[in-house]
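Remarks on the overall topology
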Amino acid sequence: MEFKPDFIDRLNKAKSLLFFTGAGISAESGIATFRGKDGLWSKLKPEELASFSAFMKNPDMVWEWYQYRREIVEKAKPNKGHLAIAEFEKFYDVNVVTQNVDDLHARAGSTNIDELHGSIVRNFCVDCKTFYNHQEFKFDKKVPRCEKCNGMIRPDVVWFGENLRGNAFPNGEQKAKECDICFIVGTSAIVYPAAYIPITAKQYGAYLVEINIEPTEISYQVDYSILGKSGEILPEIFELAANLKTKKQPNIF
Ligand code: BJW
Ligand code: ZN
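Nothing here was measured: the structure is a model prediction, and the numbers come from that model.

1. Notes on the pairing of strand β8 (residues 207–212)
Most of β8 sits inside the fold, with six of its six residues counted as buried. Side-chain alternation along β8 places Tyr207, Val209 and Ile211 on one buried face and Leu208, Glu210 and Asn212 on a second face that is also buried. Pairing of strand β7 (residues 181–185) with β8, which is carried by five bridges, proceeds in the parallel orientation. Paired with valine 185 across the two strands is isoleucine 211, which belongs to β8. You can see the chain leave β7, run along helix α9 (residues 196–203) and come back into β8, and the turn it takes is right-handed. Both β8 and strand β9 (residues 224–227) contribute to a ladder of four bridges, which runs parallel. Bridge pairing in β9 links asparagine 212 to leucine 227.

2. Some words on the pairing of strand β1 (residues 16–21)
Where burial is concerned, most of β1 is hidden: six out of the six residues are buried. Every second residue of β1 is oriented toward a common face, with Ser16, Leu18 and Phe20 on one face and Leu17, Phe19 and Thr21 on the other, all of them buried. Bridging between β1 and strand β2 (residues 93–98) involves six bridges; their strand directions are parallel. Across the sheet, residue phenylalanine 20 finds its bridge partner in β2, namely valine 97. Looking at chain direction, β1 and β7 are connected through five bridges and run parallel. Looking across to β7, one finds that leucine 17 is bridged to isoleucine 181.

3. Some words on the pattern of salt bridges
What the rule picks out here adds up to 13 salt bridges. Here aspartate 156 makes a salt bridge to arginine 165, at a shortest N to O gap of 2.6 Å. Of the residues examined, aspartate 156 reaches a relative accessible area of 2% and is grouped as buried. Among the residues examined, arginine 165 registers a relative accessible area of 22% and is labelled partly exposed.

4. Regarding the coordination of the zinc ion (ligand 2)
Distances from the zinc ion (ligand 2) to its protein donors, namely Cys125 (SG), Cys128 (SG), Cys146 (SG) and Cys149 (SG), fall within the range 2.3 Å. Its four donor atoms give the zinc ion (ligand 2) angles of 97 to 116° at the centre, a pattern that matches the tetrahedral case. Read from N- to C-terminus, the donor residues coordinating the zinc ion (ligand 2) fall into the pattern C-x2-C-x17-C-x2-C. Judged by its relative accessible area of 4%, cysteine 146 is buried. The partly exposed category is assigned to cysteine 149, whose relative accessible area is 35%.

5. Focus: the sheet that holds strand β6 (residues 153–157)
In spatial order, the strands read β5-β4-β6; together these three strands make up an open sheet with antiparallel pairing. In the strand order of this sheet, the two ends are held by β5 (131–133) and β6, each with one partner. The sheet shows a mean angle of 45° between the axes of neighbouring strands, direction not considered. Pairing of strand β4 (residues 118–125) with β6 involves five bridges; the strand directions are antiparallel. Directly across from asparagine 123, in β6, lies its bridge partner proline 155.

6. Remarks on the packing of aromatic side chains
Under the counting rule described, the total for this entry stands at 20 aromatic pairs. Measuring from centroid to centroid gives 5.3 Å for phenylalanine 88 and phenylalanine 238, while their planes differ by 85°, and the two rings are edge-to-face. Here phenylalanine 238 lies in helix α10 (residues 230–246) and phenylalanine 88 lies in the loop between α6 (80–87) and β2, a separation of 150 residues in the sequence. Both residues of the pair, phenylalanine 88 and phenylalanine 238, belong to the buried class. Taken together through their ring pairs, the aromatic side chains of Phe3, Phe7, Phe19, Phe88, Phe91, Tyr92, Phe183, Tyr207, Tyr224 and Phe238 make up a single cluster. The ring centre of tryptophan 65 lies 4.5 Å from the NZ or CZ of arginine 69, which sits over that ring. Directly above the ring of tryptophan 63 sits arginine 70, whose terminal nitrogen or CZ lies 4.9 Å from the centroid.

Parameters at a glance
Residues numbered from 1 in each chain as written. Chains lettered and ligands numbered in written order. Predicted model: local features only at pLDDT ≥ 70, side-chain atom pairs only at ≥ 80, totals over all residues. Heavy atoms only, no water. Buried < 20%, exposed > 50% of the residue type's maximum accessible area, 1.4 Å probe, protein only. Helix = DSSP H or I, 4+ residues; strand = E, 2+ residues; numbered from the N terminus. Pairing = 2+ DSSP bridges. Right-handed = clockwise from strand over helix to strand, strands pointing away. Salt bridge = Lys/Arg side-chain N within 4 Å of Asp/Glu carboxyl O. Donors = N, O, S within 2.8 Å, 3.2 Å for Na, K, Ca; no water. Tetrahedral: all angles 85-135°; square planar, octahedral: opposite > 155°, others 65-115°. Axes fitted to C-alpha atoms, helices over the stretch in contact; angles between N-to-C directions. Phe/Tyr/Trp six-rings, centres within 6.5 Å; stacked < 30°, edge-to-face > 60°. Lys NZ or Arg CZ within 6 Å of the ring centre and 35° of its normal.

Pasting the structure below:
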């Protein structure tokens, strides 16, 4: 595809790239997004599944929903979009700030990842906060109990009304302030505080590029909106970057 000349220029000069990703980047790996007509929440209400009060009200149902999603994530493979992001590390300082709870960026080989909304492959005890890997409870259909205190075990994901984990958000904000280009990939950009990340990047002078199959809440604020699948667009941008970064610079004498 033909890219905008000012984007090509920015990509040529850039040193640091930030990829702010959402569920759409994993859609081509067979993992459903949340919103939209085939999204996880087209039939199920988020407030009945993705909040601590929902978990306390109906722990087994919420647990089972996450077990079902873990099975899908475990079988899924990183797609060309995840792999392209990892490849950019050959030529740039690359940071990934993801809202996704799957581990596909890590499996694709990205090395600097902040998981704003936690990870579906971890669990912890609601009482003593001991962490457990999901493999330990792989076959549990009902909420398992902590071996130390008998508390209920929950997935280590961030539900509505909960603070983001540890330093993930301040880390992400710092990377937003430092990047030259911020790519916003496969996210509806409506969930906060995560959606402040690209806004911060822009405030600090980054060039914003959105890659999505449709326009979103943030489209009007970006410098360049590319409509298409991330698994197709990102490899094309990587190819362009590789050509820019490896081409022989003219001798200046
Ligand atoms: C493709 C594609 C392809 C498809 N290629 N593209 C300020 C203003 C308003 C509200 C708030 C605010 N601050 C806080 C709030 C409240 C709330 C919030 O944001 N609500 C809004 C929804 C209105 N935020 C919170 O509660 C957060 N906590 C917080 O603020 O703490 C402080 C606090 C403490 C105490 C009291 C009050 C506040 C926590 C938010 C946690 C979000 N958690 C979830 C669930 C994680 C667990 C799980 O997985 O089950 O995270 S919600 C869900 O949405 C998930 C996602 O990470 C997140 C974002 O979704 P995402 O990734 O954008 O997916 P989709 O489906 O929306 O979009 C997919 C996109 O892909 C689409 O655009 C497609 O077009 C595109 N696409 N195929 C490219 N092939
Ligand atoms: Zn415990």
